[in-house]
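# Summary of the model geometry
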Amino acid sequence: MNYQTIKVNKTSSILSVSLDRPSIGNAFNTVMRDELFSVLKFIEVDIDIKVVLITGSGQNFCTGADLTEFGTSPSLITARDIRRQRDLWALMLSCPVPIVSAIQGQCIGSGLEIALYSDIRIATTDSQFSMPETTLGLIPAAGGTQTLPRTVKMSKAFNLLLAGESINGIDAKKAGLISRVTTLDKLNNDVSNIIQMIINNPRPYLTLLKSQISSAWTSQRIPS
C-alpha cells in the first residue's frame, strides 16, 4: 500500500514502520494515526510477524502533534467517535508482538507517547525527550499521564509532565525512560542485535510473554 505519512517494509518476520514527515520533524497528525492503526491491525492476521520496529525519517523521531490540525475538526463529537474507532494507543498496548522504537533527535509529546507504548526503546545519547503540553495548557492526549509515571519514578514524571523538562538520551537511560542508549553511528547495529534476539523465538512464546509482562505493568503500583 501507498502511505502519505509513513513508510512500511516487511522483511521476513520484521515489520519496519518509519514515521515519514521529515520536513516537519515527523509531526503526528490524524492521517499518521489512521495509517499506523491500519498497519498494526495487519499484525493480527499476519502471523509471520514477530516484531515491529518504529523509526523516524530524517533527523528526528517525532516532534509531537501537528498543531496546525488543532481546532480544524468540524465536530468535536465526530472527532471523539473517530478516535474511539481508531484507537491507536489501545492497539499498541495490545499488540501481540514486541514493539521496538529506535529514537534519534527529538522525541516530543505524541512522539514520546508512541515510544512509551513500545516495549523496548533504544535512543542516541543526544536525543531529546519532553512532554511540553503543559506549556500550551494541554494534557498529553495518548495516556502519557499514566504511561510515563509507570515507566519512570514519580518525581521524574512530575518534572517532565508539569515543568516541561527536556532530557537527553543519557539522562533518559538513567531515569529508566529508555532501555538502552547508544551513539548515532551504532544505533542501527544495536537495534538489529536486539531484534535478532527477539525473532529467534516463536511468535506464540513472544505473545504469551508480552501479555504476562503487560499484565504486571498495568496492575503495578506507580513508583514514588
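Keep in mind the model is a prediction, meaning the values are calculated, not measured. The residue numbers shown here count from 1 along each chain, following its written sequence. The model is predicted, so local features are restricted to residues of pLDDT at least 70 and side-chain atom pairs to those at 80 or more, both for listing and for counting; the totals for chains, interfaces and linings are taken over all residues. Neither water nor hydrogens contribute to the side-chain values; these are computed over all heavy atoms in the structure.

## Considering the side chain of S57
Let me state the cut-off plainly: A helix here means a DSSP run of H or I that spans at least four residues, while a strand means a run of E at least two residues long, and both kinds are numbered starting from the N terminus. Burial classes: relative accessible area under 20% of the type maximum marks a residue as buried, over 50% as exposed, and values in between as partly exposed (1.4 Å probe, protein chains only). Residue contacts follow a heavy-atom distance rule, with two residues in contact if any of their heavy atoms lie within 4.5 Å.
Along the chain, S57 turns up in the loop between β3 (51-56) and α2 (76-85). For S57, a relative accessible area of 12% puts it in the buried group. Beyond its immediate sequence surroundings of up to four residues, S57 is in contact with S18, L19, D20, P22 and N26.

## Brief notes about the sheet that holds strand β2 (residues 14-19)
Strand pairing in a sheet relies on backbone hydrogen bonds. The paired strands run either parallel or antiparallel. Rules: Strand pairing is defined by DSSP finding a minimum of two bridges between the two strands. An axis is simply a line fitted to the C-alpha atoms; with a helix, the fit covers only the stretch in contact. Between two such axes, the angle follows the N-to-C directions and lies from 0 to 180 degrees.
Taken together, six strands build an open sheet; the order of strands is β1-β2-β3-β4-β6-β9 and the sheet is mixed. Looking at the sheet topology across the chains shown, the edges are occupied by β1 (6-11) and β9 (180-182). The average undirected angle you get between the axes of adjacent strands in this sheet is 20°. The pairing of β1 with β2 spans six bridges and is antiparallel. Following the sheet pairing, K10 is matched in β2 by L15. Of the strands in this sheet, β2, β3, β4 (99-103), β6 (120-124) and β9 touch helix α8 (residues 184-199), which is tilted by about 165° from β6.

## A closer look at a nonpolar patch on the surface
Quick reminder of the rule: Here, patches come from residues exposed beyond 30% relative accessible area and free of salt bridges, joined within 9 Å for like charges and within 5 Å for nonpolar side chains (Val, Leu, Ile, Met, Phe, Trp, Tyr). Per-residue and other accessible areas follow the Shrake-Rupley method at a 1.4 Å probe size, with only the shown protein chains counted as cover for residues. The rule for a salt bridge is simple: a side-chain nitrogen of Lys or Arg has to be within 4 Å of a carboxyl oxygen of Asp or Glu.
A cluster of nonpolar side chains, contributed by L67, L136 and L138, occupies part of the molecular surface with about 270 Å² of accessible area. One can find L138 in the loop between β7 (128-130) and α5 (144-147).

## Details of helix α6 (residues 154-162)
We count it as follows: Directions from the helix axis toward the C-beta atoms define the arc.
Those residues of α6 lying buried are A157, L160 and L161. Each buried residue of α6 sits inside an arc of 90° when the element is viewed along its axis, so together they form one side. Exposed positions of α6 whose direction lies more than 90 degrees from the buried face are S155 and L162. Buried positions along α6 lie against β7, α5 and β8 (167-168). One or two positions beyond α6, positive phi appears at G164, with a value near 65°.

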